[in-house]
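One letter stands for each residue in the lines below.
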Amino acid sequence: MRKNGNAPVGLIVGLIFLGILGILVYLYNSSLFEREAPQIALEKEIEWNLKEPIPVRVTDNVGLRFIRATLSDGEKSIVLETKELKTPQMLVDLNISFPKNGFGANKKIFELTIEAIDASKWNFFAGNEGRAKSIIKVDTKRPELSIIGSSYKIMKGGVASVIFRAQDDNMKSLYIETNFGKKFYPTPFHKDGYYISLVAWPTSIENFSASVVAIDKAGNISKAHLPYFIQDKKYRLSTIALEDRFLDGKIADIVSEVSPERASLTKLEKFKYVNEDMRKGNEAAILKVTSVVPTQPISDFYLKPFYPLRNGKVVASFGDHRFYEYDKKPVSESYHLGLDLASNAQSGMQTSNDGTVVFAKENGIYGNNIIVAHGLGVYSLYGHCSSYLVKEGDNVKAGDFIAKTGVTGLALGDHLHFGMYVQGVDVRPEEWMDEKWLKESITSVMESAKKIIDR
Ligand SMILES: [Zn+2]
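Computed from a prediction, not measured in an experiment: that's the story for all the values here.

Counting its secondary structure elements, the protein chain contains five helices and 30 strands. Over its C-alpha trace the protein chain gives a radius of gyration of 34 Å, far above what one expects of a compact globule, namely 23 Å for 455 residues. Its C-alpha atoms give the protein chain principal-axis dimensions of about 115 × 75 × 45 Å. The buried share among the 455 residues of the protein chain stands at 34%. Put simply, 69% of the contacts in the protein chain that link residues at least 6 apart link residues at least 24 apart.

This is the structure in structure tokens:
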């Protein structure tokens with residue numbers, strides 16, 4: 001009996017022990033006693049212009065109940081912000097501002113400390129503490145920025161150049177902003193701290209204005225307006241009546257070749273597909289390739305006038321805005337982004353300047369399409385080729401024959417579609433075929449700027 005009487009007591013003690021252990025394990029694993037310190041998003045080093053507040057995000061998975069931000073100059077510390085949260089919060093965004101009084105005027109280095117404690121009952125109900133420090137370097141000086149030289153004018157659809165000096169110990173970004181959202185990126189030029197860039201005015205934009213923008217790591221900004229004379233140009237509007245011969249011939253052929261699953265579309269639907277959807281994809285492919293701007297420093301950029309097709313007669317101009325109609329009803333529209341030149345069928349076409357072939361393949365309405373990079377974000381494009389004489393990656397020399405003219409893509413007669421691109425923008429090929437324009441807009445600007453820089 002005694003033995004039997006002892007057994008339940010041992011069992012009960014054991015069960016109580018297990019029960020307490022269970023509660024401890026439960027509490028240990030419960031969020032109430034969570035053991036993770038708050039996370040503080042703060043960079044180890046920050047350049048500060050003392051104007052823009054420094055954003056600091058503090059997070060914790062059970063909730064924050066205390067946060068403190070302290071700034072120290074090595075001699076004294078000032079508490080900038082203290083937050084005691086009665087209701088714990090998972091996320092707190094601080095915006096640290098520099099105190100108006102308290103530190104000497106010429107202190108340049110500070111240490112910012114952020115402390116945060118969560119609402120966990122861990123650490124004998126004290127919670128988990130997180131702490132982050134950052135070295136703050138004060139930089140209130142704006143980048144030095146001055147324009148050394150530029151083209152005199154820019155024409156709608158055309159290009160202009162600018163050479164400038166930009167200097168800052170902590171430069172973060174340097175670009176040219178425009179009134180139409182496009183940014184142009186400069187290339188280092190001639191000597192340290194100098195840059196050159198070409199900028200383009202797209203035909204579809206009514207007005208043009210642009211500024212060089214220099215921003216340092218502390219957020220100080222300098223801007224310099226580009227002082228071009230603005231020259232408007234009217235581009236041709238034309239209405240083209242679509243003929244069955246063209247719709248049933250060229251358009252039907254392109255669709256059955258490129259997109260056979262669209263065989264059941266009507267002839268006008270096929271035309272819209274080719275002229276709108278396909279064109280959009282083809283232009284996106286060109287944009288991608290021609291947007292690349294080299295970043296290696298240059299000291300010279302000399303181009304000869306482009307003359308891609310010997311005795312080529314102009315059969316369509318750059319910038320034409322074409323409206324297509326069928327049975328006198330509007331169907332679709334497009335912009336012609338190049339100059340069409342025709343000579344004898346399958347004539348050899350030449351690149352007039354050294355470069356690298358960056359694209360040589362079938363490209364929808366452009367047919368067999370070659371693009372050559374000439375540096376400084378300048379590209380020449382050749383469409384509707386019947387055959388290639390070069391391949392992607394080839395380096396070409398001025399005067400090399402690169403392809404033969406043809407009727408591939410959206411071309412009726414044998415011709416060359418010749419395009420020029422600057423940092424992804426299609427521009428007037430006529431300027432690049434004009435020796436006087438090249439000299440005034442690029443060569444002379446560079447030569448005069450170098451004289452100033454070397455002075
Ligand atoms: Zn064309």
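Still to come is the rest of the account.
Examined against the element boundaries, Arg310 turns out to sit in the loop between α3 (267-290) and β18 (313-316). Given 12 C-beta atoms within a 10 Å radius, Arg310 is considered exposed. With 40 residues separating them in the primary sequence, Arg310 and Gln350 have C-alpha atoms 8.4 Å apart.

Let us look at unusual backbone geometry. Glycine aside, residues mostly have negative phi, and peptide bonds are mostly found in the trans state. A positive phi angle is found at His190, which is not glycine, with a value near 65°. You can see His190 is positioned in the loop between β12 (187-188) and β13 (194-200). By the C-beta count within 10 Å, which is 19 here, His190 ends up partly exposed. For Asn311, which is not glycine, the phi dihedral falls at a positive 55°. Following the sequence through the fold, Asn311 ends up in the loop between α3 and β18.

Our focus in this paragraph is the sheet that holds β12. The strand order across the open sheet built from four strands is β7-β9-β13-β12, with neighbouring strands paired in antiparallel fashion. Two strands bound the open sheet, and with one partner strand each, they are β7 (144-150) and β12. Inspection of the sheet shows β12 paired to β13 by two bridges, in the antiparallel sense. Counted as the bridge partner of Thr187 is Ile196 from β13.

Contact geometry of helix α2 (residues 244-258) with α3 gives a least axis separation of 9 Å together with a crossing angle of 60°. For the pair α2 and α3, the sense of crossing is left-handed. Of the residues in α3, those in contact with Leu247, Asp248, Ile251, Ala252, Ile254, Val255 and Val258 of α2 are Lys267, Lys270, Phe271, Tyr273, Val274 and Met278.

As judged from the seven bridges shared by strand β10 (residues 171-178) and strand β14 (residues 210-216), these two strands associate in the antiparallel manner. When the sheet's bridge partners are listed, Ser173 is paired in β14 with Ile215. The pairing of β10 with strand β11 (residues 183-184) spans two bridges and is antiparallel. Of the residues in β11, the one forming a bridge with Glu177 is Lys183.

What follows concerns the environment of Asp340. Mapped onto the fold, Asp340 is located in strand β21 (residues 339-342). The exposure class assigned to Asp340 is buried, which follows from the 21 C-beta atoms found within 10 Å. If we skip the residues at most four places from it in the chain, Asp340 touches Val314, Val315, Ala316, His415 and His417.

What follows deals with the domain arrangement of the protein chain. Here the domain parsing of the protein chain yields domain 1 (31-138), domain 2 (144-233) and domain 3 (237-423). Its C-alpha centre places domain 1 at a distance of 40 Å from the equivalent point of domain 2. Taken together, the four residues of domain 1 in the interface contact six residues of domain 2. Split into classes, the residues belonging to the side of domain 1 that touches domain 2 amount to one nonpolar, one polar and two charged.

Calculation criteria
- Residues numbered from 1 in each chain as written.
- Predicted model: local features only at pLDDT ≥ 70, side-chain atom pairs only at ≥ 80, totals over all residues.
- Helix = DSSP H or I, 4+ residues; strand = E, 2+ residues; numbered from the N terminus.
- Rg over C-alpha atoms; globule rule 2.2 N^0.38 Å.
- Buried ≥ 20, exposed ≤ 12 C-beta atoms within 10 Å, placed from the backbone.
- Contact = placed C-beta atoms within 7 Å.
- Pairing = 2+ DSSP bridges.
- Axes fitted to C-alpha atoms, helices over the stretch in contact; angles between N-to-C directions.
- Left-handed = near helix turned anticlockwise from the far one by under 90°.
- Domains from an automatic or database assignment.
- Nonpolar A, V, L, I, M, F, W, Y, C, P; charged D, E, K, R; others polar.

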